[in-house]
Amino acid sequence: MEVIIDPTKSPFENAARYYELAKKYRKKAERLQEYLKKRKKIPEKKQQRKKMWYEKFNWFFTSGGFLAIGGKDARTNQIVVRRYMEPKDLYFHADVHGASSVILKRGQEASERDIYETSVFAACYSSAWKYGLLACDVFYVLPEQVSLSAPSGEYLPKGGFLIRGEKNFVRDVELRLDVSYDEEKGELIIGVDLPGKKITIRPYNEKKEESVKKLYNELMKMFPGAKISISELSPRLPPGGFRIIH
């Protein structure tokens with residue numbers, strides 16, 4: 001190691017100069033170590049998955065890959081129909097008072113299986129689930145049969161629609177939903193007749209909060225690395241308790 005000596009200063013002055021430099025660099029090293037320790041403690045921000053437009057509603061994809069969306073309340077029922085229903089779609093509604101307005105996108109191109117799965121979905125997101133019914137009827141019609149206004153002298157409640165013409169009925173639709181998790185995409189999946197690992201639920205006379213806790217625990221057993229929470233799971237499920245059937 002080479003040490004530069006200033007010939008104009010005494011040996012003691014040169015030694016003092018290097019002593020001061022050593023203190024200066026030691027303090028810089030200590031500050032750097034403190035900074036690095038603090039940085040390690042700062043949790044990395046999780047990259048949040050960008051949500052799709054339809055995730056504002058109840059939704060699922062049928063076996064044939066068709067998107068079905070449904071309102072969560074009177075306001076979103078109106079939004080689904082007014083903003084998102086198009087001529088090639090189909091409109092579904094459980095044949096009970098108090099149900100989600102469900103749109104099957106490009107539904108007129110869909111198979112009977114897709115139509116049945118959407119009927120199951122519409123039945124589940126209705127008051128039939130809340131009241132513990134195990135089956136109910138569902139109808140579907142073309143978009144042009146759905147009227148947003150009542151005839152003169154009549155009144156439509158908020159979120160309600162008038163259906164004109166003949167309805168197509170799917171009778172005794174079984175209320176059941178599948179819950180799963182896409183480990184590759186890190187997404188909670190809820191739908192009808194899902195492939196692969198899944199948990200199936202049906203209406204049951206129990207508080208929804210208790211049912212959701214049980215379902216969450218079973219999901220975490222089935223998918224140990226799943227990044228989901230009860231607060232994410234609960235809003236995606238129908239308004240009522242349920243039991244796990246398998």
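Refer to the structure printed above.
On a predicted model such as this, the values are computed, not experimentally measured, just so you know. (Residues numbered from 1 in each chain as written. Predicted model: local features only at pLDDT ≥ 70, side-chain atom pairs only at ≥ 80, totals over all residues. Heavy atoms only, no water.)

## A short note on the pattern of salt bridges
Scanning the model with the defined rule gives 12 salt bridges in all. For R106, the salt bridge goes to E109, with nearest N and O atoms at 2.9 Å. Accessibility expressed as a relative area gives 40% for R106, which makes it partly exposed. Classification of E109 by relative accessible area gives partly exposed; the value is 45%. E206 serves as the salt-bridge partner of K214, at 2.6 Å between the closest nitrogen and oxygen. A relative accessible area of 44% means that K214 is categorised as partly exposed. (Salt bridge = Lys/Arg side-chain N within 4 Å of Asp/Glu carboxyl O. Buried < 20%, exposed > 50% of the residue type's maximum accessible area, 1.4 Å probe, protein only.)

## With respect to helix α5 (residues 208–222)
The end-to-end C-alpha distance of α5 is 21 Å, a good match for the 21 Å that 15 residues give at a rise of 1.5 Å each. Among the residues of α5, those classed as buried are K208, S211, V212, L215, Y216 and L219. Down the axis of α5, the buried set is contained in an arc of 135°. They therefore lie on one face. (Helix = DSSP H or I, 4+ residues; strand = E, 2+ residues; numbered from the N terminus. Expected span 1.5 Å × (residues − 1). Arc of directions from axis to C-beta.)

## With respect to unusual backbone geometry
The phi dihedral of D172 is positive, around 50°, even though this residue is not glycine. Structurally, D172 can be placed in strand β8 (residues 168–174). Positioned with a positive phi, D193 is a non-glycine residue whose angle comes to about 55°. Take D193: it is sitting in the loop between β10 (187–191) and β11 (199–203). Since its relative accessible area comes to 28%, D193 is described here as partly exposed.

## A few points about helix α2 (residues 74–84)
Residues of α2 that are buried: T76, N77, I79, V80, V81 and Y84. On its buried side, α2 packs onto β2 (67–70), β3 (90–94), β4 (102–104) and β6 (146–147). For α2, the capping residue at the N-terminal end is D73, with a side-chain oxygen 3.2 Å from the backbone nitrogen of R75. (Contact = heavy atoms within 4.5 Å. Polar contact = N/O pair within 3.5 Å; in protein donor to acceptor, adjacent residues only side chain to side chain.)

## Some words on a positive patch on the surface
A surface patch of like charges, here positive, comprises K24, K27, K28 and R31. Looking at where K27 falls in the secondary structure, it is placed in helix α1 (residues 11–41). (Patch = residues over 30% accessible without salt bridge, like charges linked within 9 Å, V, L, I, M, F, W, Y side chains within 5 Å. Areas by Shrake-Rupley, 256 points an atom, 1.4 Å probe, with all protein chains shown as cover. Lys, Arg positive; Asp, Glu negative; His and termini not counted. Charge placed at Lys NZ, Arg CZ, Asp CG, Glu CD.)

## Things to note about the sheet that holds β11
Strand order in the open sheet formed by 4 strands is β10-β9-β11-β12, with antiparallel pairing between adjacent strands. Every other strand in the sheet has two partners, leaving β10 and β12 (242–244) as the edge strands with one partner each. Taking the axes of each pair of neighbouring strands and ignoring which way they run, one obtains an average angle of 30° across the sheet. Of the strand pairs in this sheet, strand β9 (residues 177–182) and β10 are connected by 5 bridges, and their pairing is antiparallel. Note that in β10 the partner of D182 across the bridge is E187. (Pairing = 2+ DSSP bridges. Axes fitted to C-alpha atoms, helices over the stretch in contact; angles between N-to-C directions.)

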